[in-house]
Amino acid sequence: ALITLRQLLDHAAENGYGVPAFNINNMEQGLAIMEAAAATDSPVIMQASRGARSYANDLMLAKMMEALAEMHPSIPFCVHQDHGNNEETCLTAIQHGFTSVMMDGSLKADGKTPADWDYNVAITARVAEMAHWVGASVEGELGVLGSLESGKGEAEDGHGAEGELSHDQLLTDPDEAVEFVRLTKVDALAVAMGTSHGAYKFTRKPDGAVLAMNVIEEIHRKLPNTHLVMHGSSSVPQDLQDIINEFGGEMPQTWGVPVEEIVRGIKHGVRKINIDTDNRMAMTGAIRKVLTENKQEFDPRKYLKPAMDAMRKLCTQRFEEFGTAGQA
Ligand code: G3H
Ligand code: 13P
Ligand code: NA
Ligand code: ZN
C-alpha cells in the first residue's frame, strides 16, 4: 500500500533500521526493486528525479508506480520526488500520486548554484506547508554535496553545485540543522558530509577526513527526532567496476561509500539512503556481458532480463545490510 515518507521513516526510527531509496526511470528498475522487496519482506522508497520524469513521462511513471503498488499490495510503498528544484516540480509530483517530495533548496532552481540560507528556508518551508495540507511528506537539504578531497562541487554529472566550495558549505552545521528543521518543518533532512552523486566520489577508500560520519553523529545528538537522509550513497562495488571493464567498459578506478559507514549512520539517525549509481552499474555490467558474449543477439529481453536480475541482487543486498529486510 502507498504510504508517506513520514509514516515509513517513523517506523524505521522506532525499529532502528534504514531504508534504501532507489531511483527509477523505467519498468525494469521498478520490477527489480519490487521483486527484491517482496523476496526480503522490505518496505520500499522509490524515487524519481526531474530527469526521470522527463525521460519516462509523468503519466507513464505515475501509472507504473500504481501498477507496482497493485502487484504488491502488502508492501509499504513510498513514491518520492528526488531533488525537487522548486514549488512546481514538487506540487506536480504530488498531483501525480507521489506521497513525498524532496525540496532541494541547497541549490537554486537551476540545480547548480549554491543557495543562501534565506532562500533555502523560505522555499522549503513553503513547499512543506503546501505538501502537508494534502498529506504528503517533505525532505529538505542543508549543506551542499561535494568532495572534501578536492573542495569541488559536482558539476560534470549534470547535478550538484558548480565550482569551488568552502569546507563549511560541504559539511552541514549541526546548530544550523536544528534551526532549519524548526523553521521549515521538514519530515526528513538530507545532510552533507563528503558524499557526492555518481561513481567518482573518492580516489581511495574513504577515511574520516573525506567522509565525515562524525557530523551525522553530532546532528543526530542535537536532532534526535529528525530522520536523516544520506545522498550520494552508492558504494560503487569493485565487482561491478570489474565486470563493466572486463566487457569493454572504460571506468577509471574509483571508490564509493562503504556499506559499513552507512550502517554506522543508521545507528545515528540515518533513515533514508539514496542509491542510484550502484543499480546503474549493475544493469550496465550485465548488459555489456550479454552483448559481448552473444554478438548475434538483438532481442532486448535477452539483456534486460539479466540487467533486472543484477539490479534485484543489488537491491536485495542493501535491504539486508540496512536492516530493512523483514520490516514490511
Ligand atoms: O540525484 C541523482 C540521481 O542519481 C538521479 O540522477 O538526475 O540523472 O536522474 P538523474
Ligand atoms: P548515488 O549517485 O551515489 O547513487 O546517489 C544517488 C542520490 O543521491 C540520488 O538522490
Ligand atoms: Na531525495
Ligand atoms: Zn541525491
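To start, this report covers the structure provided alongside it. Keep in mind the model is a prediction, meaning the values are calculated, not measured. (Residues numbered from 1 in each chain as written. Chains lettered and ligands numbered in written order. Predicted model: local features only at pLDDT ≥ 70, side-chain atom pairs only at ≥ 80, totals over all residues.)

### Brief notes about the overall build of the protein chain
Right, so step 1: Secondary structure summary: the protein chain contains 13 helices and eight strands in total.
Right, so step 2: Over its C-alpha trace the protein chain gives a radius of gyration of 19 Å, about what one expects of a compact globule, namely 20 Å for 328 residues.
Right, so step 3: Seen through its C-alpha atoms, the protein chain measures out along the principal axes to roughly 60 × 45 × 35 Å.
Right, so step 4: Out of the 328 residues in the protein chain, the part that is buried amounts to 49%.
Right, so step 5: Sequence-distant contacts in the protein chain: of pairs separated by 6 or more residues, those separated by 24 or more amount to 74%. (Helix = DSSP H or I, 4+ residues; strand = E, 2+ residues; numbered from the N terminus. Rg over C-alpha atoms; globule rule 2.2 N^0.38 Å. Buried ≥ 20, exposed ≤ 12 C-beta atoms within 10 Å, placed from the backbone. Contact = placed C-beta atoms within 7 Å.)

### Focus: helix H2 (residues 27-40)
Right, so step 1: Look at H2: 20 Å from first C-alpha to last across 14 residues, which is about the 20 Å you get at 1.5 Å a residue.
Right, so step 2: Among all positions of H2, only Gln29, Gly30, Ala32, Ile33, Met34, Ala36 and Ala37 are buried.
Right, so step 3: Buried residues belonging to H2 abut strand E1 (19-23), strand E2 (44-48), helix H4 (58-71), helix H12 (277-293) and helix H13 (300-321).
Right, so step 4: Once H2 ends, the next one or two residues include aspartate 41, with phi positive near 60 degrees. (Expected span 1.5 Å × (residues − 1).)

### Observations regarding the site of ligand 1
Right, so step 1: What surrounds ligand 1 is a group of nine residues, the closest being Ser49, Gly51, His83, His197 and Asp276.
Right, so step 2: For the shell around ligand 1, the secondary-structure elements that each account for two or more residues are helix H3 (50-56) and strand E3 (77-84).
Right, so step 3: A class-by-class count of the residues in the shell around ligand 1 yields one nonpolar, six polar and two charged. (Near = placed C-beta within 6 Å. Nonpolar A, V, L, I, M, F, W, Y, C, P; charged D, E, K, R; others polar.)

### As for the environment of phenylalanine 319
Right, so step 1: Of note, phenylalanine 319 is situated in helix H13.
Right, so step 2: When the 28 C-beta atoms within 10 Å are taken as the criterion, phenylalanine 319 is described as buried.
Right, so step 3: In this structure, the C-alpha to C-alpha distance between phenylalanine 319 and valine 19, residues 300 residues apart in sequence, is 7.2 Å.
Right, so step 4: Look past the residues within four positions of phenylalanine 319 in its chain and what remains in contact with it is Pro20, Ala36, Ala37, Thr40, Ser42, Thr324 and Ala325.

### Comments concerning the site of ligand 2
Right, so step 1: With respect to spatial proximity, 13 residues lie near ligand 2, and among them His231, Ser234, Asn274, Asp276 and Thr277 are the closest.
Right, so step 2: Secondary-structure elements contributing two or more residues to the shell around ligand 2 are E3 and strand E8 (270-275).

### Brief notes about the environment of proline 237
Right, so step 1: Mapped onto the secondary structure, proline 237 falls in the loop between strand E7 (227-230) and helix H10 (238-246).
Right, so step 2: Considering only alpha carbons, one finds proline 237 and valine 257, 20 residues apart in sequence, at a separation of 9.2 Å.

### Focus: the nonpolar core
Right, so step 1: Grouped together as the largest cluster of nonpolar side chains are 90 residues, with contacts concentrated most on Ile33, Val44, Val101, Leu189, Val191 and Met311.
Right, so step 2: Broken down by element, this core gets its largest block of residues, seven residues, from H13.
Right, so step 3: Dropping the residues within four chain positions of it, valine 101 is found in contact with His80, Gln81, Gly84, Cys90, Ala93, Ile94, Val127, Ala131, Ala136 and Val138. (Core = buried A, V, L, I, M, F, W, Y, C linked by C-beta atoms within 7 Å.)

### Here we look at unusual backbone geometry
Right, so step 1: Notably, asparagine 57 is not glycine yet its phi reads approximately 85 degrees, a positive angle.
Right, so step 2: Mapping asparagine 57 onto the fold places it in the loop between H3 and H4.
Right, so step 3: The class for asparagine 57 is exposed, based on 12 C-beta atoms found within 10 Å.
Right, so step 4: Here the phi dihedral of lysine 185 falls at roughly 65 degrees; this positive angle occurs in a residue that is not glycine.
Right, so step 5: Overall, the presence of 14 C-beta atoms within 10 Å leaves lysine 185 in the partly exposed class.

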